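So you can see what is in the structure, the chains are spelled out below.
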Amino acid sequence: MSTSTLPAAPAPAPAPTGARGSGARPRLTEGAAQTWFMTQRQFMAFARQPAYLIITLIQPVIWLFLFGALFRKVVELPGFGAGSYLDYLVPGVIVMSAVSANMWAGMGTLEEIERGTLNRFLITPVHRSALMNANVVAQSATTAIQSLIIILLGWIGGAHYPGGVLGLLILVVVASALGTIFGAFSNALGMLVRQRESIIGINTFLLLPLTFLSSAFMPPTLMPHWMQVVARFNPVNWALETGRAAMAAHPDWWSVLSHGGWTLLLAAFAVWLSLRTFRSYQKSV
Amino acid sequence: MTSPNGGTVRTAATVPHPAAARPAPAAAGRPLAIEAVDLVKTYQVKGRSGPVRALDGLSIGVEPGIVFGLLGPNGAGKSTTVKILTTLAAADSGRATVAGRSIAADPALVRRAIGVVAQRSGADPVATGRENLLLQGRLYGMRGAELARRADELLDRFDLADAGRRQVKTYSGGMQRRLDVALGLVHRPEVLFLDEPTTGLDPEARTAMWDEIGRLAGDDGLTILLTTHYLEEADRLAARLAIVDRGRIVAEGTPDDLKGELHGDAVHAVLAGTPAADALGVYEALGRVPGIREITVDGRRVSARADDGAAAVPAVLAALDQAGSPVAAVTVARPSLDDVYLRYAGRSFADAEGASR
């Protein structure tokens, strides 16, 4: 054990034997600390790319006010069931933004692989789970912030939130969970195919159909029957059903629980899958 | 032939040699910093029927405190070796210890003991150089003032103090590479892996990096495993060298040992005047010098081969003087590593590079 060749450097050399450093800290605390360091890194990268930051914030604004103006009259359709279209649109835009912002996560992962950053981290004693957990934390936190901003903008534009703070909170949580689903799947895809084109292709293919096959812009009661059936299996719709049910003046708690439950379950599965893919990536290095 | 440390050059040549399976013997009870025995690694490659054998029974032994060079063309298995020894990839079979810990049984301990500078930079381009160093240190459990001091010390040392608070994407290639080395050193590793550290650098930055690597080995007494496909780099930096070809070590020794084991050095002498009587006297005089062979005389130019050219020079001078043909100039040319590669891998370095593409 005693390769007595440690550099005779002036500062006390932290012996890399695990006796000092993180070895002395409990595993859980160290894991949490590492997750935080890696999350911090992602936030910083996000904040340092102002163009990306601004686009992520402005795009929902465009959806909100463009669609809000375009479809204002839709509420007059018999059976629509909402007072103003903006009220109806806010959860739709939140969920759509959660999907579109997170489905590109795999691009970042791919870049980290290509640049060698991921390998650099894998050679350090960092907990493997901290790397993936940081993705989940960073993604859901940015989605939550994005959702809050949309809620605020909607409120400024005159939207009503009869479900109150609790309803909004549930909406934000379920949007983050949906973001996690798409973020984790995208990461798994990135590690698996290692091709930007595949991610771009799948994303552009999925975003609009998934959004329109949900209650984002139009209540399911006004959809053709086959669409209603498809929407029932669409996680984007689960998140919307959860949010809408919780935001109503008289919340349908059963809908919140069931749709919310499915969304969370799928999020857990997606994270598990991305961890599995991560492990198989490590084997393929 | 003898090498300075008393060992003999171990060669496997292209024919499997029993000695090739064993790592080089450790000198006088000092544990090896890196010991790999019979590493095998195969990859499944799309479009090929069978798996590709990246490592085919590779064994090395690295004494602590030296720069050990792994020399070979692209695709010889150098990077795969580094990936396995740094716990990034698992070998199909074989065993290895790094800094006294088994890579298979104690990967976590190995990770704490090693620093790695991979071929691809791996530094975060959006973060500053200093932030990269701080994060790297935190992952090793370093914190606070000690870590900050270490980061600044490294920025200073690698001439990045002014650039430390700039984003890495603004760095030149040489600066990025220096930061990569600094990243590998944050936690004061016992063993540093440098995987083709100068590939892609311009000549000036390359020379600077060579100086830095030389200093690392000299000042800090750290063990360095250097992979390179530059013969010149291996010759200049490595105290010992293993030549890798097709996933195996085909020869190992000091660069001088390896070159010395060829036909020896060439000794060229230019006589002050044309040989007094005839060339025969020169032949005879040189023939009596021990270790001198393959003598050629062409007018005033005399050439011969010797195991150790420099050591043979005084005797050659004296012999020619006695024969009445004083020498005006003498040069000794060592064989190049290119010759060595040709000898052990059975093909020239350039051919091997070409074949791997």
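Quick notes on the rules
- Sequence order sets the numbering: in each chain, residues are counted from 1 along the sequence as written.
- As they are written, the chains are lettered A onward and the ligands numbered 1 onward, keeping that order.
- The predicted origin of the model limits local features to residues at a pLDDT of at least 70 and limits the giving and counting of side-chain atom pairs to 80 or more, whereas totals for whole chains, interfaces and linings rest on all residues.
- To get the side-chain values, take all heavy atoms of the structure and skip hydrogens and water.
- Starting at the N terminus, helices and strands are each numbered in turn, a helix being any DSSP run of H or I of at least four residues and a strand any DSSP run of E of at least two.
- A 1.4 Å probe rolled over the protein chains alone gives each residue an accessible area, and that area as a share of the maximum for its type sets the label: buried under 20%, exposed over 50%, partly exposed in between.
- Fitted lines through C-alpha atoms give the axes, limited to the stretch in contact for helices. The angle between two N-to-C directions lies from 0 to 180 degrees.
- Reported orientations rely on four angle classes, namely roughly parallel under 35 degrees, roughly antiparallel over 145, roughly perpendicular from 65 to 115, and oblique for the rest.
- In a left-handed crossing the near helix is turned counterclockwise from the far helix by less than a right angle, and in a right-handed crossing that turn is clockwise.
- In what follows, a contact means two residues having at least one pair of non-hydrogen atoms within 4.5 Å.
- Paired strands, as defined in this entry, are two strands with at least two bridges between them according to DSSP.
- Nonpolar core, defined: a set of buried Ala, Val, Leu, Ile, Met, Phe, Trp, Tyr and Cys residues in which side-chain atoms within 4.5 Å join the residues together.
- One speaks of a salt bridge when a side-chain nitrogen belonging to Lys or Arg is within 4 Å of a carboxyl oxygen belonging to Asp or Glu.
- Counting of polar contacts relies on pairs of N or O atoms within 3.5 Å, with two restrictions inside protein: one atom must be capable of donating a hydrogen and the other of accepting it, and residues adjacent in sequence are counted only when both atoms are side-chain atoms.
- Residue-level confidence of the predictor is summarised by pLDDT, bounded by 0 at the bottom and 100 at the top.

Asks: Can you help me understand unusual backbone geometry in this one?
Replies: A negative phi holds for most residues other than glycine; trans holds for most peptide bonds. Residue and element names in this part refer to chain B. Backbone geometry places Arg188, a non-glycine residue, at a positive phi of 50 degrees. Tracing the backbone shows Arg188 in the loop between α5 (173–185) and β8 (191–195). Accessibility expressed as a relative area gives 4% for Arg188, which makes it buried. A positive phi angle is found at Glu196, which is not glycine, with a value near 45 degrees.

Asks: Just to check I follow, could you spell out the packing of helix α3 (residues 129–139) of chain B against α5(B) for this structure?
Replies: All names here are of chain B. Put simply, α3 and α5 touch, their axes get as near as 9 Å, and they point 25 degrees apart. By the angle class used here, α3 and α5 are roughly parallel. Crossing hand, α3 versus α5: right-handed. On α5, the residues touching Gly129, Asn132, Leu133 and Gln136 of α3 are Leu179, Ala182 and Leu183.

Asks: Got a minute to help me understand the pairing of strand β11 (residues 248–253) of chain B in this structure?
Replies: A regular strand places its side chains so that they alternate between the two faces of the sheet. All names here are of chain B. The buried fraction of β11 is high, at 5 of 6 residues. Here strand β10 (residues 240–245) pairs with β11 via 5 bridges, running antiparallel. The partner of Ile243 across the bridge, within β11, is Ala251. Linking β10 back to β11 in an antiparallel pair, the connection comprises 2 residues, with Arg246 at a positive phi of about 50 degrees.

Asks: Before we go on, may I ask you to explain the nonpolar core in this structure?
Replies: A general trend in soluble globular proteins is that nonpolar side chains are found buried together. Membership of the largest hydrophobic core comes to 49 residues, with the highest contact counts inside it found for Ile34(B), Ile60(B), Leu85(B), Val98(B), Phe193(B) and Leu225(B). Listed in part, the 42 residues of the second largest apolar core include Val93(A), Val174(A), Val236(A) and Leu240(A).

Asks: I would appreciate a short explanation of the pattern of salt bridges in the present structure.
Replies: Should their charged atoms come close, side chains of opposite charge can pair. Under the definition given, this model contains 18 salt bridges over all chains. The salt bridge involving Asp124(B) is made with Arg41(A); its shortest N-O contact spans 2.8 Å. One end of the pair, Asp124(B), is in the loop between β7 (114–117) and α3; the other, Arg41(A), is in helix α1 (residues 27–47), on a second chain. The residues Asp124(B) and Arg41(A) share a single accessibility class, namely buried. Residues Glu252(B) and Arg240(B) are paired through a salt bridge, measuring 3.3 Å at the closest nitrogen-oxygen approach. Here Arg240(B) lies in strand β10 and Glu252(B) lies in strand β11, a separation of 12 residues in the sequence. The same class applies to Glu252(B) as to Arg240(B), namely buried.

Asks: What is the right way to read the side chain of Glu252(B) from this model?
Replies: Glu252(B) sits in the buried class, given a relative accessible area of 1%. There is a polar contact of 3.3 Å between the side chain of Glu252(B) and the side chain of Arg240(B).

Asks: What's the story with the confidence of the model for chain B in this structure? I'm lost.
Replies: Do not read the predicted coordinates in detail wherever pLDDT is low. For chain B, the average pLDDT comes to 83, and 83% of its residues sit at 70 or higher. Segment residues 1–28 of chain B: pLDDT under 50, and 50 contacts once partners within four positions in sequence are set aside and those in other chains are kept.

Asks: What exactly am I supposed to notice about the sheet that holds strand β2 (residues 34–43) of chain B here?
Replies: Sheets are built from strands paired through backbone hydrogen bonds, the pairs being either parallel or antiparallel. Residue and element names in this part refer to chain B. Spatial ordering of the open sheet is given by β3-β2-β5-β6, a layout of 4 strands whose pairing is antiparallel. Among the strands making up the open sheet, the edge pair consists of β3 (52–62) and β6 (101–102). As judged from the 8 bridges shared by β2 and β3, these two strands associate in the antiparallel manner. Note that in β3 the partner of Thr42 across the bridge is Arg53. Its contacts with the sheet place helix α1 (residues 78–85) against β2, β3 and β5 (93–98), and it is angled at close to 115 degrees to β2.

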